[in-house]
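# Chain and residue survey
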Amino acid sequence: MKKKLLIPIMLLHVLVFALLWWLGRAKPLLDMIPARSKAVVRLSEEAATATDFAAHFASFTGLPTNKTDVRGEAYLFVTPNEYFGVAVRLSDADALLAALPTNAVTEEDGAHWIWTDSGWMAMLHDETLIALGPATAMERERLRHTLQVMADAPVDEGFGHTPQAEALQNDAPMAFVASTKVLPAPYGSLMRLALPGGGALIAGSGKSVEQGFVVTGGLWENGTTRPAASEKPLPPTASDKLLTGAFRMDGPELLRRLRADGSARMLLTALNDTATASATIGRMRGISAIAVSSLDTTDNAQFRLEGRDEQGSPVVLQSRGMAPTDGTSLQLNADERALLVVRTAPLLQSPLPEQVLDVLQRLFGGFRQITLRTTVQGGFCMTFTE
């Protein structure tokens, strides 16, 4: 009888140890991110090292990390409640804790909780570090609750189990999938204006090239990404304008886009008579050209928008004090929907709030020009030229 019971008992022990091992496994980093996140960016380990991601992470969040601290892939994301997030694995969690002030760290629920002066809440569990922010001190408990929910959620409720996660599975140094609604200005506004349908969800990848950095991709629908636009570089422009561009869309559609986007709506608010402006834009047909020379302290723009009506007669709309400009110098290819060029020097010299300029400087300070091409099919290529 004892011999007969021995084998089932041994099998039971094996099953128990297997179950304990399974439950004790760390969740894949991608599955720590909420499935309904509005944007997720993957950086390969090589890309994180080459860009000194850890130093940028430390600068933004106030968490003292360096190149040797982060191992493996790193993820940046936007939560469903629209906090920015970062998820990484650390090579030495104890070193991070030792570098922090003791009053910044609490240990509860099996994790270390870290609040930084920069307004970020981080959860450190074993070697997994996830941070959310920036926020005010009043939002501190909300951030912690969000992190706790992320940690406690089943694996199959993580982003890695969503169809969108397939967009991140490629060999590119950087890959992403995102709603254009949460992309920051200026490229979020440019994407929403330039992509057909407003570009509800886009996916793509990024890589370093000889002239700087290029991001390609397209609208993401039903598990597929539209073919990207051409990566053919556009030489740096001699224009002194902040933005120049050309759109292949009729005036009524362009007007809907301008009204729907908070950042783009500044073109209308810069005018005294928005009703007349709307009527003028509504007359435009085919290709229209735009130029923005500057922004003021309230984000209003000096601009000129020109096109032609159904009879081919010129239609021009411009803010007071804006000089005529050769906005038609940017030529669209037959398959292109939009071509937009942002010059970073005038952008960084704009009288914008200090916090906004600080972020723009961090993002674009190393580039002279940003070029966005989109196709009528929904592909795009954004080039950052050094």
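Residues numbered from 1 in each chain as written. Predicted model: local features only at pLDDT ≥ 70, side-chain atom pairs only at ≥ 80, totals over all residues. Heavy atoms only, no water.

## Examining the overall build of the chain
The condition that has to hold: Strands are runs of DSSP state E lasting at least 2 residues, helices are runs of H or I lasting at least 4, and numbering of each runs from the N terminus. Only protein chains enter the calculation, and the probe is 1.4 Å; a residue is then buried if its accessible area is under 20% of its type maximum, exposed if over 50%, and partly exposed in between. Contacts are residue-level and defined by heavy atoms, with any inter-residue pair within 4.5 Å sufficient. Using a 1.4 Å probe, accessible areas were evaluated by the Shrake-Rupley method; residue-level cover was limited to the displayed protein chains.
Helix and strand counts for the chain come out as 11 helices and 18 strands. Considering the chain as a whole, with its 386 residues, one finds that 47% of them fall into the buried category. Counting contacts in the chain only where the partners sit at least 6 residues apart, residues at least 24 apart contribute 63% of the total. Carbon and sulfur atoms form 56% of the exposed surface of the chain, whose accessible area is close to 19,800 Å².

## Comments concerning helix 7 (residues 251–260)
Put simply, the rule reads: Think of it as the arc spanned by the lines of direction from the helix axis to the C-beta atoms.
Looking only at helix 7, the buried set comprises Gly251, Leu254, Leu255, Arg257 and Leu258. An end-on view of helix 7 places all buried positions within 160° of arc, on one side of the element. In this structure, helix 7 carries Arg256 and Ala260 as exposed residues pointing more than 90 degrees from its buried face.

## Description of the packing of aromatic side chains
Test applied: A pair of Phe, Tyr and Trp rings is counted when the ring centres sit within 6.5 Å of each other, with Trp represented by its six-membered ring. The angle between the planes then sorts it: under 30 degrees is stacked, over 60 is edge-to-face, the rest tilted. Geometrically, a lysine NZ or arginine CZ counts as sitting over a ring once it is within 6 Å of the ring centre and also within 35 degrees of the ring normal.
Counted by the stated rule, this structure contains 3 aromatic pairs. Relative to Phe380, the ring of Phe176 has its centre 6.4 Å away and its plane inclined at 35°; by these criteria the two rings are tilted. In this pair, Phe176 is assigned in strand 8 (residues 174–179) and Phe380 in strand 18 (residues 379–385), connecting sequence segments 204 residues apart. Take Phe176: its relative accessible area is 10%, and that puts it in the buried class. When the centroid spacing of 5.4 Å and the interplanar angle of 55° are considered together, the rings of Phe367 and Phe384 count as tilted. With Phe367 in the loop between helix 11 (354–364) and strand 17 (369–375) and Phe384 in strand 18, this residue pair connects regions lying 17 residues apart in the sequence. Directly above the aromatic system of Trp113 lies the positively charged group of Arg144, at a separation of 4.4 Å from the ring centroid.

## Observations concerning the packing of helix 7 against helix 9 (residues 274–282)
Convention followed: Note on method: axes are straight lines fitted to C-alpha atoms, helices fitted across the in-contact stretch only, with angles between N-to-C directions ranging 0 to 180 degrees. We call two directions roughly parallel when the angle between them is under 35 degrees, roughly antiparallel when it is over 145, roughly perpendicular when it lies between 65 and 115, and oblique otherwise. Three residue categories are used. Nonpolar comprises Ala, Val, Leu, Ile, Met, Phe, Trp, Tyr, Cys and Pro, charged comprises Asp, Glu, Lys and Arg, and polar comprises the others, including Gly.
Two elements in contact, helix 7 and helix 9, have axes separated by 7 Å at closest approach and are oriented at 140°. Classified by the interaxial angle, the pair formed by helix 7 and helix 9 is oblique. Between helix 7 and helix 9, the contacting residues are Gly251, Pro252, Leu254, Leu255, Leu258 and Arg259 on the first element and Ser278, Ile281 and Gly282 on the second. Among the residues forming the contact of helix 7 with helix 9, the class breakdown is 5 nonpolar, 3 polar and 1 charged.

## So, the pairing of strand 5 (residues 111–115)
Condition: Paired strands, as defined in this entry, are two strands with at least two bridges between them according to DSSP.
Most of strand 5 sits inside the fold, with 4 of its 5 residues counted as buried. As judged from the 4 bridges shared by strand 4 (residues 105–108) and strand 5, these two strands associate in the antiparallel manner. In the strand pairing of strand 5, Thr106 is matched with Trp113. Here strand 4 folds back onto strand 5 in antiparallel fashion, the turn holding 2 residues, of which Asp109 has a positive phi close to 55°. With 4 bridges connecting them, strand 5 and strand 6 (residues 121–125) associate as antiparallel partners. Of the residues in strand 6, the one forming a bridge with Trp115 is Met121.

## Thoughts on unusual backbone geometry
In this model, Gly133 is joined to Pro134 through a cis peptide bond whose omega is -15°. The phi dihedral of Glu82 is positive, around 65°, even though this residue is not glycine. Among the structural elements, Glu82 can be located in the loop between strand 2 (70–78) and strand 3 (84–90). The backbone of Asp109 shows a phi angle near 55°, a positive value even though the residue is not glycine. Tracing the backbone through its elements, the reader meets Asp109 in the loop between strand 4 and strand 5.

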